[in-house]
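This is what each chain is made of:
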Amino acid sequence: MENFVKVCLTVLTIWNLFGTEMVIVSAEVRSSGSSYFVFQQPAYPRDCKEVSNACSSTQNASGVYLIKPDGHPEPFEAYCDNDLDTGGWTVLQRRRLDSVNFNRSWKDFRNGFGFLGSEFWIGNEKIAVLTNQKRYQLRMDFENVAGETYYVTYDEFRISDEWGKYYISSLGTFLISDELKIEWCPANEIFSNETCERTCEDPDTCISATSRTESEQCVCVGDYLIEQGQCIPLNQCNCFVDEKGSVLGEGKFYINSRCTRNSTCRNNRLIDESYQCSDDATCVERNDVRKCYCNDGYEGDGVTCTREVVPKDCYELYVSGTLSDGVYTIYPDGWPSGIQVYCEMESNGGGWTVFQRRSSASVDFYLGWLDYKNGFGNKNEDHWLGNKYIHSMTNQKTYQLRIDLRDSASSSKYAIYSTFSINNEADKYRLSVGSHSGNTGYNALYYNNNKQFSTKDQDNDGSSSYDCAEGHRGAWWYEYYYYYCYSYCRTSDYYCVYFPEGNCCRICTNSNLNGDYDGSTRGTHMFWYSNSLNGYGCSLQYTDMKIRPV
């Protein structure tokens, strides 16, 4: 008679399978007609087949049982599958939910891991002892994502002990179920639903995301790339860089950590060249690209760096080739981040930095100290640049001042001062101008030279009894210097520079380009006293003030 004992185990991941259960082993014991083998029944069953035989009265329920194969020092728990065929299958491995990590060490696979009720590997040492006590059949069951089940069997299964590295010493004849449809993937490919395959030639681009027609198929993914139709480890690609640990695409480069070598992929070949930073560059990584970058104030590719043009004013932009009017960034002394200014490049010889413009009543110029310090308005239109910037610029070089004026009769005039600067805020932005020229005639800044700047909230006009900034509704380099009590000062347009007060008039300046654009009261206008302008300079429609190096 023949007695068959079956042991069931689950297999490692098969590429196209959703779930697997491996393996079933059957043992065979034979007896002849003239001789008999007599043995004592062990205290524990040696496998699940003996569990099934011993527990036939309990309907052989599948579950965890204690077994003790011959030669194993202690009994251990095993999962017995009694629902398959006639039962008695000892399950060695199961994978279904991906809840247990199978990427483990030799020691883990020797001793076993996981949970018998779900996913596990029973342990190579147990399998070796188990499969060497009888003759066993191996069965592997599979289930794919569609719920279809298949199995394969080997009529004899045995592995060696640890000394033999658990070598499969016997498998026997291979059989498959009629409906088995296992798809075997080519070398280095796996059966997966991943969608992004890449090539050695272009490792940054997915090539199969749009061509996939099945939910799962053999793909070349992970640390493998396609080259000439084959899936190979990425470190075998021709443009693989050891230090980077990845493959360069065609035309891409990689600079090593010390910026001494440049590796470039050309025609699917890695070209290594020596590389060295300029003395004016730094080896650093920016936006995930490491290379030599020129230091601040220099420009170039990092290997060669030249001092870049950092314009201090519009004139330096002009001589470097910028010839169109517009707003540009300049870098006066003390302002390394730069400031924006309007540059007049197309007239009056070009290179003028504009710091004041008036062309309409759209911007209120009757403002306080901080407004005039920091600047206000639109650089393309009416604005005051800001005294802190004007101070920095006019003290880095020697500048001339040009003032352009246009009156209500569209008559245009200009005044030029050979030098122009203002002192710092501690000195209230005191004005300093040189000799006067131009076609306005009278020097309307004559009384303003060497005077401090005043606003409606900071009175620096030298008078304790009168506030010129309030009286003239502007911000300027005022000095209160005269008080008239003649009737003509209150009525004649010629004397619009006077500010009426009772039967008398006061005067602080012959110019006030920051007064009201169209002031309704005499003395509050935007004016520049000149007998060559309509209304003696009291009907201005446009002004601008600008500087250029001497």
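The preceding data block contains the structure.
Bear in mind that the values here come from a model prediction, so they are computed numbers and not experimental data.

### Some points on the side chain of Asn460
In this structure, Asn460 sits in the loop between β36 (436–438) and α7 (468–471). Polar side-chain contacts of Asn460 include one of 2.7 Å to the backbone oxygen of Phe453.

### A short note on the packing of aromatic side chains
Counted according to the given criterion, the structure contains 19 aromatic pairs. Ring geometry for Tyr442 against Tyr529: centres 5.3 Å apart, planes inclined by 85°, an arrangement best described as edge-to-face. Remark: Tyr529 occurs in the loop between β41 (527–528) and β42 (540–549) and Tyr442 occurs in the loop between β36 and α7; sequence separation between them is 87 residues. The exposure class of Tyr442 is partly exposed, given its relative accessible area of 32%.

### Some points on the state of the cysteines
In total, this model carries eleven disulfides according to the counting rule given. Residue pairing for Cys196: its cysteine sulfur links by disulfide to Cys206, the two sulfurs lying 1.7 Å apart. Note on the Cys196 and Cys206 pair: the S-S dihedral is about -85°, so by sign convention the disulfide is left-handed. Placement of the pair is Cys196 in the loop between β15 (190–192) and β16 (217–219) and Cys206 in the loop between β15 and β16, with a sequence separation of ten residues. Judged by its relative accessible area of 22%, Cys196 is partly exposed. A sulfur-sulfur distance of 2.0 Å marks the disulfide that ties Cys259 to Cys283.

### Side note on unusual backbone geometry
With a phi angle near 50°, Asp85 is a residue other than glycine that sits in the positive phi range. Topologically, Asp85 is positioned in the loop between β5 (76–81) and β6 (89–91). When its relative accessible area of 52% is taken as the criterion, Asp85 is described as exposed.

Cut-off values and rules
- Residues numbered from 1 in each chain as written.
- Predicted model: local features only at pLDDT ≥ 70, side-chain atom pairs only at ≥ 80, totals over all residues.
- Heavy atoms only, no water.
- Helix = DSSP H or I, 4+ residues; strand = E, 2+ residues; numbered from the N terminus.
- Polar contact = N/O pair within 3.5 Å; in protein donor to acceptor, adjacent residues only side chain to side chain.
- Phe/Tyr/Trp six-rings, centres within 6.5 Å; stacked < 30°, edge-to-face > 60°.
- Buried < 20%, exposed > 50% of the residue type's maximum accessible area, 1.4 Å probe, protein only.
- Disulfide = S-S within 2.5 Å.

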